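What follows is the residue order along each chain.
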Amino acid sequence: MISKSKQKEISSYKLQKNCDSEQVFVVEGPKMCSEAWREKMTIRIVVALPEWMEEVQQEWGFEWNRLRGTANEGGTMRWHGIDIYEATDAELERISGMKAPNKVWMLVERPPEQSLPQLGEGPILVLDHLQDPGNLGTILRTADWFGIRQVVCSLDTASCYNAKVVQASMGGVFRTKICYTNLLPLLDEASSKGLPIYGALLEGKSLFDTHMERNGLLIVGNESKGISSEVASRVTQKITIPNIGGTCESLNAAIATALFCAEWMR
């Protein structure tokens, strides 16, 4: 059992500002938590149902019954620097930010701030003022699928450590180098090196008639406003997905990005 004071403390991480101040983020659910462990993320706290502890004990390298016997009066078990708490369904529900909590909740330290990517050493996905956490998480999942390891976000793009982003990324946030920066200097440097800068724009050349160089940069803009005018002025090749149906006004940003990435990697 977890003490009420500890439940209150852990529940405070539902607020993004508390995660930001401590440079941590929340991971929930068996699949995502196992991904965090396999990718060697630094885990601070684990709150889980006993059945989940039993399921992962061999992978993690502990004996659950023996670990369980080390719990102090507050319910804390300490293992390799991780505070572990056994929870009931009701306790997990109070702690979780999800509508349907699933077996395990983790608090994970954010990795050190990423440096800018090396230009000309593989594809770089650039996100300009992307705001929807679900879209961002799905885009990170897509980038992970296609092996695009470098993602650069404008400073006003949603945080990649937002809980909804983390869940939607399905582990992509753990394996992708993500940095936030003023995009203009990066794009100017890319241009000076002769690298292609592709922009996802409605008035561009058909994606299916475009040869996209692997060492280029692809810019995807805001869900409703698209790429900002200053960033668009740095684009060297405008590309679009043909609207064959001719009725729908636009594609969802994450869906469009997946199509661009598929063609880029093809």
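To be clear, the structure that these remarks concern was listed above.
Quick caveat: nothing in here was measured; it's all calculated off a predicted structure. Along each chain, residue indices are assigned from 1 in the same order as the chain's sequence is written. Per-residue local features are limited, in this predicted model, to residues with pLDDT of at least 70; the limit for side-chain atom pairs, both in listing and counting, is 80 or more; totals at the level of whole chains, interfaces and linings are taken over all residues. Derived side-chain values reflect all non-hydrogen atoms in the structure, with water molecules and hydrogen atoms excluded from consideration.

(A) Up close: the nonpolar core. By convention a nonpolar core is built from buried Ala, Val, Leu, Ile, Met, Phe, Trp, Tyr and Cys residues, the set being connected through side-chain atoms within 4.5 Å. Only protein chains enter the area calculation, which uses a 1.4 Å probe; residues under 20% of their type maximum are buried, those over 50% are exposed, and those in between are partly exposed. Residues Val-46, Trp-52 and Trp-60 are the most contacted members of the largest nonpolar core, which totals 55 residues. Only DSSP runs of H or I reaching four residues or more are called helices, and only runs of E reaching two or more are called strands; each is numbered from the N terminus. Ranked by the residues each element gives to this core, the list is headed by helix H12 (residues 253-265), at seven residues. The contact criterion used is simple: two residues touch if any of their non-hydrogen atoms lie within 4.5 Å. Not counting chain neighbours up to four residues away, the residues in contact with Trp-60 comprise Trp-37, Ile-43, Val-46, Trp-52, Trp-79, Ile-82 and Met-106. Counting 18 residues, the second largest nonpolar core, distinct from the first, contains Leu-119, Cys-179, Leu-184 and Ile-197.

(B) Just the environment of Glu-54, in detail. Of note, Glu-54 is situated in helix H4 (residues 50-60). Considering only alpha carbons, one finds Glu-54 and Trp-64, 10 residues apart in sequence, at a separation of 6.1 Å.

(C) Quick peek at the sheet that holds strand S6 (residues 124-127). If DSSP finds at least two bridges between two strands, the strands pair. Read from one edge of the open sheet, six strands run S8-S7-S6-S10-S9-S11, paired in parallel fashion. With partners counted over all chains shown, the strands left at the sheet margins are strand S8 (177-181) and strand S11 (237-240), one partner each. Across the sheet, the mean angle separating the axes of adjacent strands is 35° when strand polarity is ignored. Pairing between strand S7 (residues 150-154) and S8: five bridges, direction parallel. Along S8, the bridge assignment pairs Cys-153 with Tyr-180. Lines fitted to C-alpha atoms define the axes, with helix axes restricted to the stretch in contact, and inter-axis angles between N-to-C directions lie between 0 and 180 degrees.

(D) Just the packing of aromatic side chains, in detail. Side-chain rings of Phe, Tyr and Trp, where Trp is taken by its six-membered ring, are said to pair if the distance between their centres is within 6.5 Å; with planes under 30 degrees apart they count as stacked, over 60 as edge-to-face, and otherwise as tilted. All chains considered together, the criterion is met by eight aromatic pairs. Both rings, one in Trp-37 and one in Trp-60, keep their centres 4.1 Å apart while their planes meet at 10°; by these two values the pair is stacked. Note that Trp-37 is positioned in helix H3 (residues 30-38) and Trp-60 in helix H4, a separation of 23 residues in sequence. Seen from their ring centres, Trp-60 and Phe-62 are 6.4 Å apart, and the 80° between their planes marks the pair as edge-to-face. Each member of the aromatic cluster is reached from another via a ring pair, and the members are Trp-37, Trp-52, Trp-60, Phe-62 and Trp-79.

(E) Representation of helix H10 (residues 183-192). Those residues of H10 that fall on the buried side of the exposure criterion are Leu-183, Leu-184, Leu-186, Leu-187 and Ala-190. All buried residues of H10 fall inside an arc of 165° around its axis, so they share one side. Each element contacted by the buried residues of H10 is listed here: S6, S7, S8, strand S9 (197-206), strand S10 (217-220) and helix H11 (229-232). Residues adjacent in sequence count toward polar contacts only when both atoms are side-chain atoms; beyond that, a polar contact is any pair of N or O atoms within 3.5 Å, and within protein one must be able to donate a hydrogen and the other to accept it. Where H10 begins, one side-chain oxygen reaches toward the backbone nitrogen of Leu-184, 3.2 Å away; that side chain belongs to Asn-182. One or two positions beyond H10, positive phi appears at Gly-194, with a value near 75°. Here the arc refers to the directions that run from the helix axis out to each C-beta atom.

(F) Here's a closer look at the pattern of salt bridges. Salt bridges are identified by distance alone: a Lys or Arg side-chain nitrogen within 4 Å of an Asp or Glu carboxyl oxygen. Tallying each qualifying case throughout the model produces 19 salt bridges. Measuring nitrogen to oxygen at the nearest pair gives 2.6 Å for the salt bridge that ties Arg-110 to Asp-20. Residue Arg-110 is found in the loop between strand S5 (104-109) and S6, and its partner Asp-20 is found in helix H2 (residues 16-22); the two are separated by 90 residues along the sequence. The partner of Arg-66 in a salt bridge is Glu-63, and the shortest N-O contact between them spans 3.8 Å. Classification of Arg-66 by relative accessible area gives exposed; the value is 60%.

(G) Geometry of the sheet that holds strand S4 (residues 82-86). In space, the five strands of this open sheet follow the order S1-S5-S2-S4-S3, with mixed pairing throughout. Every interior strand has two partners, whereas the edge strands, strand S1 (24-28) and strand S3 (77-79), have only one. The mean angle between the axes of side-by-side strands here comes to 20°, regardless of whether they run parallel or antiparallel. Looking at chain direction, S3 and S4 are connected through three bridges and run antiparallel. Note that in S4 the partner of Arg-78 across the bridge is Asp-83. Running at roughly 130° to S1, H3 makes contact with S1, strand S2 (43-48), S3, S4 and S5 of the sheet. Where H4 meets the sheet, its contacts fall on S2, S3, S4 and S5, and the angle it forms with S2 comes to roughly 135°.

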